[in-house]
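Now for the letters of each chain:
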Amino acid sequence: MRYAETGFNLEVDLTRGNIEKVATDPKETELYLGGLGTNAKILWDRVPPEVDPFSPDNLLIFGAGLLCGTPAVGCNRTIVSTISPQTKLMAFSMMGGFFAPELKYAGLDKVIFRGKSPKLVYLWINNNKVELRDASHLKGKGSLETAEMIRKELKEPKAQVAAIGKAGENRVFYASIEQGRSSASRGGIGAVMGDKGLKAIVVRGTLDINVAKPLEYMELCNEVMEYIQFRNENPIPGVMPILAGLGSPQEMKVHDEKWHTENFNWGNSRERRKGFWTDEVARDWMETLDKARTRLISCYNCPMTCGATISMPGLPTYMMKCFTKLTYTMGAFSDLDFGLRIAQKATEYGLDGFSAPQVMAFALELLKDGILHKDDFPGMPEDNEGRFYYLLDMIVNREGIGDVLADGTYWAAKKIGNGAEAYAHNNIKKHEQLPLKLSMLNPIYYLMYCTGEKMNITQIEGQFPQAPYPKKEHREKFCEDWFHVPDEKFKQYFIDWEPRGENSMPFYPTVDMCCDIVDWQERMHYIDDALGQCAGLSSFPLKPPYHIHNYPKFISAGAGIEMDEDKLSQAAKRYRTLVRAINIRRGMRRKDDRPPEDHWKKRFPELEKELLDTYYKFKGWNNDGIPTKESLQELGLDYVADEFIKRGILKEDEDTSGETISAEQQTH
Amino acid sequence: MTGDKTDKKTKIIKTIRIDVDKCNGCRACEMICSAFHSTPKYSSNNPARSRIRIIREPLRDLYVPVYGGEYTVAECAGRDKYTIDGKEYDECSFCRASCPSRDEFKEPDSGLPLKCDMCEGEEEPLCVKWCMHDALILEEREEEAVEDPEEAELEDLEIGLESLADKFGMDKIMDAVARMNQKD
């Protein structure tokens, strides 16, 4: 008997309309856990680097995390993996909501799509009954609209639906997959779904998910619940509100947006507006949000309320979470009313709320600076808000300049030329980032931005405070109940960290400490992504209920796999390395591991080089960021080492210290 | 009968106070209910086996936690609609019955009815414990036990008769009753 997981994947060949339920190997679970880990293994095995994102041979994998469907609080994430049309690397997107548990209850751990359907279809999974159904009547429909129509026509109000909107159908490179209150947005996975002719996946499950040691497991879940309660009642003092509590940033709850609106950049990540948050703005925005927000809502089995139902007068109701609240507003230099209105449309279209407004602001900046011209925007309204609605439609329909912009700022700039590249200034690995521009280099964030293959800082950071408290006594106090650290040394790192002077950034934390800190933060995120745990209760906030000390117990009692901290860390390292290997095989190298040029004003090239050199070595990668043969073998990834050698990515007799191949040699 | 009993009989009534405005729709109640009622306890999870259901329609902002109640063979003839705070609810949204008109409160494989037992043996029903937003609150109140004296006596009589029947056999009892009747 399999515990926590079902032991079955669904293989769907969209070209031939063939569907098979395939038993999985429990050994793979032990090595790669599940979710992201096993997704990565499948992508490595079955999608060679020659495969274009829009090839029928690209896979689109919906993987439920290993512990989804069990009582583990907040464990509800679906990890969607494919090759991104935007970055050409492995796409890294996840969604909460209700989809993953439902899939588990339908007796499946993953749904793996290959091929391309000749006509638009949707997949209907009803426990053991699975069928591909015609979706031609859903063409062009919004994502929420689609979900409602499908539930009605199947007479299954409880079915969970993950659907694309028009943006996905038209292969916009930042199209999302929407699932009611949640979405998998980053990396353009909605475009791959659209390319495959798949409008939606619909699932209803009424089967059991078993746990290995029920009483032990329940005890662990109760402890997590109690700790969540404790943390809700005891926010961390001395940090800004969004860092004090648990959950995804509580954007739907809070009214005070002084920090975001004055510290993040507006427009095409250009302008910081100090003094923006006046009493009048605060009053207006509060009124807007209070009127619009009908309810704070949660994902499956989670007490945090990170989302909300939003009803703007005259517009259909939709659901929103997190930072999309502000991205359109700030991209357009507008107000919250506009932001919540345009987000309704964008959600139905199915667009990534990070990239989309930035692309639109980028286009308008090009127009302002004369790189694009008025005739590139025929019929565009004069007013600011109107121009954003205009661009939204042009992009989603891939009409005129919208067709160029639909590929994101990096590719659009290349096509437009004439100096446009300088305007695509906020990307990492061709992917739009948070509109954040800062002064002093932060060595921890430098490493995370460079090497974080999740491409999104909020999916990498957490655990270690972002800045030191001014007073040592406060730092010591913070450490008193900081039992989450994997090693006591982290407490000392923090206690000795000063805002100013010798022990301050960028030279403190030291290079070695930075490696430890980044590795810890990244490890926790990767564990979450295999188990299906939302980062909001785990790797993202400070002092979370899930950590390296209780996770092994969850896996042992839940999935029945003997686990301890070392074994878990090793497993996380294994599939983290495999993600890197997939990207390395697709051509990613050290040259790609860098933050946006203008992310920090004060840069330290020597220190940055030392940071990257040391971190690579720490991770078992050579100087060009390629995992070495020795480190691959240590992780049981011999097959990766063999392939690297076969392809000439590594040399057979390479010195395993990893310093023989220079960055220059490998860049081509 | 004196009509002046000094030791009134009371009983504890358990009620769950449901605040639909506080429900965040997470379905933790469904999850924990199904885990608690699995055998062995907590060994499996399946909200479709839960004895509490959230009748939810997120886009219409409907969230109604309902507990499994009595089993009924037939569905209601007419079902009314209620409008509360501008939101339209089907009468079924508040109904606890395990009924042919819907799949709530039925075992998914056997179709047998499911009924809330207030998690007997636990301090409080686990759905209440797991609802951190207090949409579900347990209330206990003492009430005077309303007993129908005739019914109670009948019950005593029946128990007595049954034991007599066990001892002497039904025929002898019937004979005795007939003789006693004639004497009157």
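Predicted, not measured: the structure shown is a model, and the values here were computed from it.

### Describing the overall build of chain A
- Along its length, chain A carries 26 helices and 22 strands.
- Scaling as 2.2 N^0.38, a compact globule of 668 residues should have a C-alpha radius of gyration of about 26 Å, and chain A matches this with 24 Å.
- Dimensions of chain A along its principal axes, counting C-alpha atoms only, are 60 × 60 × 55 Å.
- Partitioning the intrachain contacts of chain A with sequence separation of at least 6 by distance along the chain shows that 70% fall at a separation of at least 24.

### Some thoughts on the overall build of chain B
- Secondary structure summary: chain B contains four helices and seven strands in total.
- Taken from N to C terminus, the helices and strands of chain B fall in the order β-α-β-β-β-β-β-α-β-α-α.
- Counting all 184 residues of chain B, 26% fall into the buried class.
- Looking at chain B alone, contacts between residues at least 24 apart form 60% of all its contacts between residues at least 6 apart.

### Considering the sheet that holds strand 16 (residues 293-297) of chain A
Residue and element names in this part refer to chain A.
- What the three strands build is an open sheet, ordered 16-17-18; its pairing is antiparallel. The open sheet is flanked by strand 16 and strand 18 (318-321), the only strands paired with a single partner. Each strand axis lies, on average, 30° off the axis of its neighbour in the sheet, ignoring direction.
- Pairing of strand 16 with strand 17 (residues 307-310) involves four bridges; the strand directions are antiparallel. Looking across to strand 17, one finds that Arg295 is bridged to Thr309.

### Points about the nonpolar core
- Membership of the largest hydrophobic core comes to 220 residues, with the highest contact counts inside it found for Tyr122, Val172, Val202, Ala363 and Tyr575 of chain A together with Ile32 and Cys127 of chain B.
- No other element matches the eleven residues that helix 20 (residues 511-531) of chain A contributes to this core.
- Beyond its immediate sequence surroundings of up to four residues, Ile32 of chain B is in contact with Pro71 of chain A together with Leu126, Cys127 and Trp130 of chain B.

### Here's the deal with the interface of chain B and chain A
- Each side of the interface is counted separately: chain B has 22 residues, and chain A has 33 residues.
- Secondary-structure elements contributing two or more residues to the side of chain B that touches chain A are helix 1 (28-36) and strand 2 (44-45) of chain B.
- Among the elements that make up the side of chain B that touches chain A, the one with the highest residue count is helix 1 of chain B (four residues).
- A per-class count over the side of chain B that touches chain A returns twelve nonpolar, seven polar and three charged.
- Two strands pair when backbone bridges link them, and strand 13 (residues 209-210) of chain A and strand 2 of chain B are joined in this way by two bridges, in the antiparallel orientation. Bridging from a neighbouring strand, Asn210 of chain A pairs with Ser44 of chain B of strand 2 of chain B.

### As for the environment of Ala535 of chain A
Residue and element names in this part refer to chain A.
- Assignment of secondary structure puts Ala535 in the loop between helix 20 and helix 21 (551-559).
- According to the C-beta neighbour criterion, Ala535 is buried, with 25 such atoms within 10 Å.
- For Ala535 and His525, which are ten residues apart along the polypeptide, the C-alpha to C-alpha distance reads 6.7 Å.
- Apart from residues no more than four positions distant in its own chain, Ala535 is found in contact with Gln459, Gly462, His525, Asp528 and Phe540.

### Considerations on the domain arrangement of chain B
- The domain boundaries assigned to chain B delineate domain 1 (10-144) and domain 2 (149-183).
- For domain 1 of chain B versus domain 2 of chain B, the separation of C-alpha centres amounts to 43 Å.

### Notes on the sheet that holds strand 2 (residues 18-23) of chain A
Residues and elements named next belong to chain A.
- With respect to topology, six strands assemble into an open sheet ordered 2-1-6-3-4-5, the strand pairing being mixed. Only two strands of the sheet have a single neighbouring strand rather than two, namely strand 2 and strand 5 (90-95). Sheet twist, expressed as the average angle between the axes of neighbouring strands with direction ignored, equals 15°.
- Strand contacts of helix 2 (residues 36-46): strand 3 (60-64), strand 4 (78-83), strand 5 and strand 6 (110-114), with the helix running at about 20° to strand 4, the strand carrying the most contacts.

### Considering helix 12 (residues 336-349) of chain A
All names here are of chain A.
- Taking 1.5 Å as the rise per residue, helix 12 with 14 residues should run 20 Å; its terminal C-alpha atoms sit 20 Å apart, in good agreement.
- With eleven of 14 residues buried, helix 12 is to be regarded as a mostly interior element.
- By the burial criterion, the buried members of helix 12 are Leu336, Gly339, Leu340, Arg341, Ile342, Ala343, Gln344, Ala346, Thr347, Glu348 and Tyr349.
- With its phi angle positive at about 80°, Gly350 sits one or two positions after the end of helix 12.

### Digging into unusual backbone geometry
- The omega angle of the peptide bond from Met505 of chain A to Pro506 of chain A is 10°, so this bond is cis rather than trans.
- With respect to the secondary-structure elements, Pro506 of chain A resides in the loop between helix 19 (489-495) and helix 20.
- Of the consecutive residues Tyr508 of chain A and Pro509 of chain A, the connecting peptide bond is found in the cis state with omega at -5°.
- For Pro509 of chain A, the position within the fold is in the loop between helix 19 and helix 20.
- In this structure, Met118 of chain B is a non-glycine residue whose phi angle is positive, near 55°.
- For Met118 of chain B, the position within the fold is in the loop between strand 6 (87-90) and helix 2 (126-130).
- Met118 of chain B sits in the partly exposed class, given 17 other C-beta atoms within 10 Å.

### Points about the packing of helix 2 of chain A against helix 22 (residues 565-585) of chain A
Residue and element names in this part refer to chain A.
- At their nearest, the axes of helix 2 and helix 22 sit 9 Å apart, and the two run at 35° to each other. Crossing of helix 2 over helix 22 shows left-handed handedness. Contact with helix 2, carried on its side by Leu36, Gly37, Ala40, Lys41, Leu43 and Trp44, involves Tyr575, Leu578, Val579, Ala581 and Ile582 of helix 22 and no other residues of that element.
- Its residues placed into classes, the contact of helix 2 with helix 22 shows nine nonpolar, one polar and one charged.

### Brief notes about the confidence of the model for chain A
- For chain A, per-residue confidence averages 95 on the pLDDT scale, and residues scoring 70 or more make up 98% of the total.
- This stretch, residues 656-668 of chain A, has a pLDDT under 50; its non-local contacts, to residues over four places away or in other chains, come to 25 contacts.

### Some details on the packing of helix 13 (residues 355-368) of chain A against helix 14 (residues 384-396) of chain A
All names here are of chain A.
- Interhelical geometry of helix 13 versus helix 14 gives an angle of 110° and a closest axis separation of 10 Å. One way to sum up the angle between helix 13 and helix 14 is to call them roughly perpendicular. Crossing handedness for the pair helix 13 and helix 14: right-handed. Residues Val359, Met360, Ala363 and Leu364 of helix 13 lie in contact with helix 14, whose contacting residues are Arg387, Phe388, Leu391, Leu392 and Ile395.

### A look at the pairing of strand 4 of chain A
Residue and element names in this part refer to chain A.
- By the criterion of burial, strand 4 is predominantly enclosed, with six of the six residues buried.
- What you see with strand 4 is no split at all: Thr78, Val80 and Thr82 on one side and Ile79, Ser81 and Ile83 on the other are buried throughout.
- Pairing geometry for strand 3 and strand 4, over four bridges, is antiparallel. Across the sheet, Phe62 pairs through a bridge with Val80, a residue of strand 4.
- Taking the residues between adjacent antiparallel strands as the criterion, strand 4 and strand 5 are bridged by six residues, where Lys88 takes a positive phi near 65°.

### Quick look at the environment of Thr347 of chain A
Residues and elements named next belong to chain A.
- Structurally, the position occupied by Thr347 is in helix 12.
- Separated by 29 residues in the primary sequence, Thr347 and Tyr318 place their C-alpha atoms 7.8 Å from one another.
- Discounting chain neighbours no more than four positions away, the residues touching Thr347 are Ser143, Leu144, Glu178 and Tyr318.

### Section: the confidence of the model for chain B
- Per-residue confidence for chain B gives a mean pLDDT of 88; residues scoring 70 or more make up 90%.
- With a pTM of 0.93, the predicted complex shows an ipTM of 0.93.

Definitions and limits used
Residues numbered from 1 in each chain as written. Chains lettered and ligands numbered in written order. Predicted model: local features only at pLDDT ≥ 70, side-chain atom pairs only at ≥ 80, totals over all residues. Helix = DSSP H or I, 4+ residues; strand = E, 2+ residues; numbered from the N terminus. Rg over C-alpha atoms; globule rule 2.2 N^0.38 Å. Contact = placed C-beta atoms within 7 Å. Buried ≥ 20, exposed ≤ 12 C-beta atoms within 10 Å, placed from the backbone. Pairing = 2+ DSSP bridges. Axes fitted to C-alpha atoms, helices over the stretch in contact; angles between N-to-C directions. Core = buried A, V, L, I, M, F, W, Y, C linked by C-beta atoms within 7 Å. Nonpolar A, V, L, I, M, F, W, Y, C, P; charged D, E, K, R; others polar. Domains from an automatic or database assignment. Expected span 1.5 Å × (residues − 1). Left-handed = near helix turned anticlockwise from the far one by under 90°. pLDDT = per-residue confidence, 0-100. Parallel < 35°, antiparallel > 145°, perpendicular 65-115°, else oblique.

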